[in-house]
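# Report on the structure
What follows is the residue order along each chain.
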Amino acid sequence: MHKKLYKSIIDELCPEGNWKLRCSIEKLLNAKINQLPCRDVTGEETRYPTDRASMKAFLETFFARHYFQVQKSLVEYLTSSEFYDSLTTKEFNILDIGSGPAVASLAVTEMLDCILGARNEAGIHKLRVNYVLNDTENICLGIDQELLRNYFRSQSPQRISCGHVFSMEKGFPSNFGQLERVARNLGLYDLIILSYVLKPLHNDLGLKNIANALSMLQGISKPNGRIMIIQDKFSKALVGNVSRLIGQSFKKETLAQHIYSENNDNETYTYSYYTCLFAPTGLSVNARAV
Ligand SMILES: C[S@@+](CC[C@H](N)C(=O)[O-])C[C@H]1O[C@@H](n2cnc3c(N)ncnc32)[C@H](O)[C@@H]1O
């Protein structure tokens with residue numbers, strides 16, 4: 001980690017120890033929330049939105065929380081010399097599996113823009129980011145394209161330009177052939193994120209198949225890239241079992257953040273979650289660890 005750079009990014013995104021959306025992102029989020037209809041939705045629908053009303057609930061409840069967790073989990077790596085030195089092609093490919101409304105993709109984009117801006121004096125040129133957004137719900141794929149487009153239109157990030165944006169509706173890992181084809185055309189993925197999708201994958205596939213699916217990602221990742229899993233504090237056993245199966249460590253993280261709701265504008269709350277971040281070259285599936 002580059003200490004000075006790390007501190008300047010934390011000061012910007014997490015002032016006084018509380019993660020906070022920058023005004024521009026907050027505006028983008030509120031604009032989308034205001035366009036969506038109100039209806040009473042269940043907790044499950046809020047977590048896994050399937051229509052416009054449940055998407056509104058997801059954006060209100062989970063967007064900022066997951067966004068900050070992605071940023072906090074990646075800030076050390078993205079401010080490291082190792083990461084900076086790996087940016088040789090001026091292209092950066094993100095695969096966001098279970099993207100929802102592009103939460104992780106937006107979080108990474110904004111943080112990359114801050115980091116490259118802070119390193120301005122080092123003379124790096126604009127980075128072109130290509131996105132592969134994968135979700136099984138139509139509503140997510142529609143809204144994520146919109147949010148990304150609006151982000152680039154309204155923020156005009158200084159250091160990032162938007163390259164290709166692919167939406168993929170077929171679920172992971174059945175879509176692996178498609179992911180490979182895109183990687184052949186775009187180049188291997190620099191960053192593969194599975195943010196809050198481990199649970200549905202576990203329900204569909206079971207532990208061993210998740211581990212095998214993750215090991216397949218090795219073949220489409222840049223060797224010096226990263227794969228990241230994030231899941232809530234109630235999923236310690238699941239994240240722990242998957243991590244053990246693929247021979248990686250995982251850790252508990254805690255972060256304090258501003259609450260985004262009409263009534264609680266100045267409140268903060270602390271959330272815990274689990275994260276597993278690793279280079280694809282270190283991946284090995286250990287079937288005996290189940
Ligand atoms: C809890 S949301 C998380 C959204 C976002 N990644 C975040 O961190 O806020 C999980 C998403 O994964 C999607 N999903 C479930 N199973 C999937 C699969 N097999 N492949 C791709 N997406 C999947 C769901 O439709 C849902 O939108």
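That block above? That's the structure.
As a starting point, this report considers the structure included with it. Everything quoted here is computed from the prediction, not taken from an experiment. Every chain is numbered on its own, with residues counted from 1 as its sequence reads. Owing to the predicted nature of the model, reporting of local features is limited to residues with pLDDT of at least 70; listing and counting of side-chain atom pairs is limited to 80 or more, with chain, interface and lining totals taken over all residues.

With that settled, consider the packing of helix 2 (residues 23-35) against helix 4 (residues 52-78). With their axes 8 Å apart at the nearest point, helix 2 and helix 4 run at an angle of 150 degrees to one another. Put simply, helix 2 runs roughly antiparallel to helix 4. Contact with helix 2, carried on its side by Leu29, Lys32 and Ile33, involves Lys56, Leu59, Glu60 and Phe63 of helix 4 and no other residues of that element. The classification used treats Ala, Val, Leu, Ile, Met, Phe, Trp, Tyr, Cys and Pro as nonpolar, Asp, Glu, Lys and Arg as charged, and all other residues, Gly among them, as polar. Broken down by class, the residue content of the contact of helix 2 with helix 4 amounts to four nonpolar, no polar and three charged. Think of each axis as a best-fit line through the C-alpha atoms, taken over the contacting stretch in the case of a helix, with angles from 0 to 180 degrees between the N-to-C directions. Each helix is a run of H or I in the DSSP string that is no shorter than four residues. Each strand is a run of E no shorter than two, and both are numbered from the N terminus. In this scheme, roughly parallel covers angles under 35 degrees and roughly antiparallel covers those over 145, while 65 to 115 is roughly perpendicular and the rest are oblique. Throughout, a pair of residues is in contact if the C-beta atoms placed from their backbones lie within 7 Å.

This part covers the nonpolar core. Each nonpolar core reported here comprises buried Ala, Val, Leu, Ile, Met, Phe, Trp, Tyr and Cys residues connected via C-beta atoms within 7 Å. Counting other C-beta atoms within 10 Å of its own, a residue is labelled buried from 20 upward, exposed at 12 or fewer, and partly exposed in the gap between, with every C-beta atom placed from the backbone. Ranked by size, the top nonpolar core spans 78 residues in total, and within it Val108 and Met111 carry the most contacts. Considering every element that reaches this core, the biggest residue donor is helix 4, with twelve residues. When residues no more than four places from it in sequence are discounted, the contact partners of Val108 are Val70, Leu74, Ile94 and Leu191.

Further remarks concern the pairing of strand 3 (residues 160-168). Strands are treated as partners if at least two bridges between them are detected by DSSP. Relative to strand 3, strand 2 (residues 127-134) runs parallel, the two being bridged by seven bridges. In the sheet register, Val129 faces strand 3, and the bridge partner there is Cys162. In this fold, strand 2 hands off to helix 7 (residues 138-155), which returns the chain to strand 3; that crossover is right-handed. Assignment of crossover handedness uses the view with strands pointing away from the viewer, where a clockwise path from the first strand over the helix to the second indicates a right-handed crossover.

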